Amino acid sequence: MTASTAASRKTLSKIASNRLQKELVEWQVNPPAGFKHKVTDNLQRWVIEVNGAHGTLYANETYQLQVDFPENYPMEAPQVIFLHPAPLHPHIYSNGHICLDILYDSWSPAMTVSSICISILSMLSSSTMKQRPEDNDRYVNNCRNGKSPKETRWWFHDDKV
C-alpha cells in the first residue's frame with residue numbers, strides 16, 4: 001500500500017467486514033483457478049498469488065497481487081496492485097499499478113475479489129506482447145511520493161493488447 005493510502009486508511013465498516021468475511025469463505029470453498037490467497041490476520045489487505053494461464057505468454061510465471069480494501073467496500077473499489085516484480089504487460093506499470101477500468105471508473109459493488117482476479121488473469125492471458133506501457137517511466141516518476149493508482153485519471157482506450 002502506498003504512503004498516502006496508509007495515512008488515510010480507516011477501519012472497515014461493519015458492512016465491508018461482513019462482505020469480506022463472506023468473500024473469504026467463498027474463496028476457501030471455491031477459489032478461482034490460478035489464484036491462491038495468502039492467509040494473514042489482516043482482513044483489510046489480501047495478498048493473492050497469480051499463476052499465469054497455460055498456453056499464454058505468462059504460463060509458468062507467478063506474481064503477487066496486493067488488494068487493499070477501503071472502509072466502505074464494496075461501494076468503493078479496492079486498490080489492487082502487483083507486488084514487485086510486476087509482469088511485463090502493456091497495461092501494467094513497473095510499480096505494479098494496473099490500468100484496468102473495473103478497478104476505477106467501471107467498478108460495481110456487485111464485483112468481488114474473485115471477479116477482479118478473473119479479469120486480471122483474462123487481461124494477462126489475452127496479451128500478445130510482453131512490454132511496459134509506453135509512458136511507464138513518466139508515470140512511475142510521477143508516482144514516486146506514494147501516489148495511489150486510485151488517484152490517477154486513467155484513459156481506457158486500448159483493449160486490444
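Residues numbered from 1 in each chain as written. Predicted model: local features only at pLDDT ≥ 70, side-chain atom pairs only at ≥ 80, totals over all residues. Heavy atoms only, no water.

Undergrad: Hey, could you run me through the pattern of salt bridges in this one?
TA: Opposite charge on two side chains permits pairing when their charged atoms draw close. Scanning the model with the defined rule gives four salt bridges in all. The residue R19 makes a salt bridge to E23 at a minimum N-O spacing of 2.8 Å. Of the two residues, R19 and E23 both sit in helix 2 (residues 14-29), four residues apart, roughly one turn of that helix. There is no split in this pair, since R19 and E23 are both buried. As a salt-bridge pair, E61 and K130 come within 2.3 Å of each other at their nearest N and O atoms. You can see E61 sitting in the loop between strand 2 (45-51) and strand 3 (62-68) and its partner K130 sitting in the loop between helix 3 (113-125) and helix 4 (136-142), a full 69 residues away along the chain. Looking at E61, the relative accessible area reads 22%, which means it is partly exposed. (Salt bridge = Lys/Arg side-chain N within 4 Å of Asp/Glu carboxyl O. Helix = DSSP H or I, 4+ residues; strand = E, 2+ residues; numbered from the N terminus. Buried < 20%, exposed > 50% of the residue type's maximum accessible area, 1.4 Å probe, protein only.)

Undergrad: Got a minute to help me understand the sheet that holds strand 1 (residues 35-38) in this structure?
TA: Paired through backbone hydrogen bonds, the strands of a sheet run either parallel or antiparallel to each other. Strand order in this open sheet of four strands is 1-2-3-4, and the pairing throughout is antiparallel. At either margin of the open sheet sits one strand with a lone partner, and together these are strand 1 and strand 4 (79-82). The sheet shows a mean angle of 25 degrees between the axes of neighbouring strands, taken without regard to direction. One ladder, built from four bridges, connects strand 1 with strand 2; its direction is antiparallel. (Pairing = 2+ DSSP bridges. Axes fitted to C-alpha atoms, helices over the stretch in contact; angles between N-to-C directions.)

Undergrad: What exactly am I supposed to notice about the packing of aromatic side chains here?
TA: Each aromatic ring pair is specified by the distance between its two centres and by the angle formed by the two planes. The full count for this structure, using the stated rule, is six aromatic pairs. Aromatic pair F69 and Y73: ring centres 4.9 Å apart, planes at 70 degrees, arrangement edge-to-face. Measuring from centroid to centroid gives 4.3 Å for Y93 and Y139, while their planes differ by 40 degrees, and the two rings are tilted. Within this pair, whereas Y93 is found in the loop between strand 4 and helix 3, its partner Y139 is found in helix 4, the two being separated by 46 residues in sequence. In terms of burial, Y93 and Y139 fall into one category: buried. Three or more aromatic residues link up through ring pairs in this structure, and these residues are W27, W46, F69, Y73 and W107. (Phe/Tyr/Trp six-rings, centres within 6.5 Å; stacked < 30°, edge-to-face > 60°.)

Undergrad: Looking at this structure, how should I read the confidence of the model for the protein?
TA: Low-pLDDT portions of the prediction should not be read for the details of their coordinates. In this model, the protein carries an average pLDDT of 88, and 86% of its residues clear a pLDDT of 70 or more. Taken together, the stretch residues 1-8 has pLDDT below 50 and engages in 17 contacts with residues farther than four places along the chain or on a different chain. (pLDDT = per-residue confidence, 0-100. Contact = heavy atoms within 4.5 Å.)

Undergrad: In this structure, what is going on with the pairing of strand 1? I would like to understand it.
TA: Only one face of strand 1 is buried: it carries F35 and H37, and the other face, with K36 and K38, is open. Turn length for the strand 1-strand 2 hairpin, with the two strands adjacent in sequence and antiparallel, is six residues.

Undergrad: How do you make sense of the nonpolar core when you look at a structure like this?
TA: Generally speaking, nonpolar side chains in soluble globular proteins are found buried as a group. Core analysis: the biggest nonpolar cluster contains 34 residues, and W46, I48, L65, F82, I98 and I120 have the highest contact counts within it. Contributing elements (two or more residues each) for this core: helix 2, strand 2, strand 3, strand 4 and helix 3. In terms of residue count, the dominant contributor to this core is helix 3 (seven residues). If you look at the next biggest cluster of nonpolar residues, it comprises five residues, including Y93, C99, Y139 and V140. (Core = buried A, V, L, I, M, F, W, Y, C linked by side-chain atoms within 4.5 Å.)

Undergrad: Hey, could you run me through the side chain of S17 in this one?
TA: Assignment of secondary structure puts S17 in helix 2. Taking relative accessible area as the criterion, S17 reaches 19% and is therefore assigned buried. Non-local contacts of S17, meaning those with residues more than four positions away in its chain, are made with L12 and L43.

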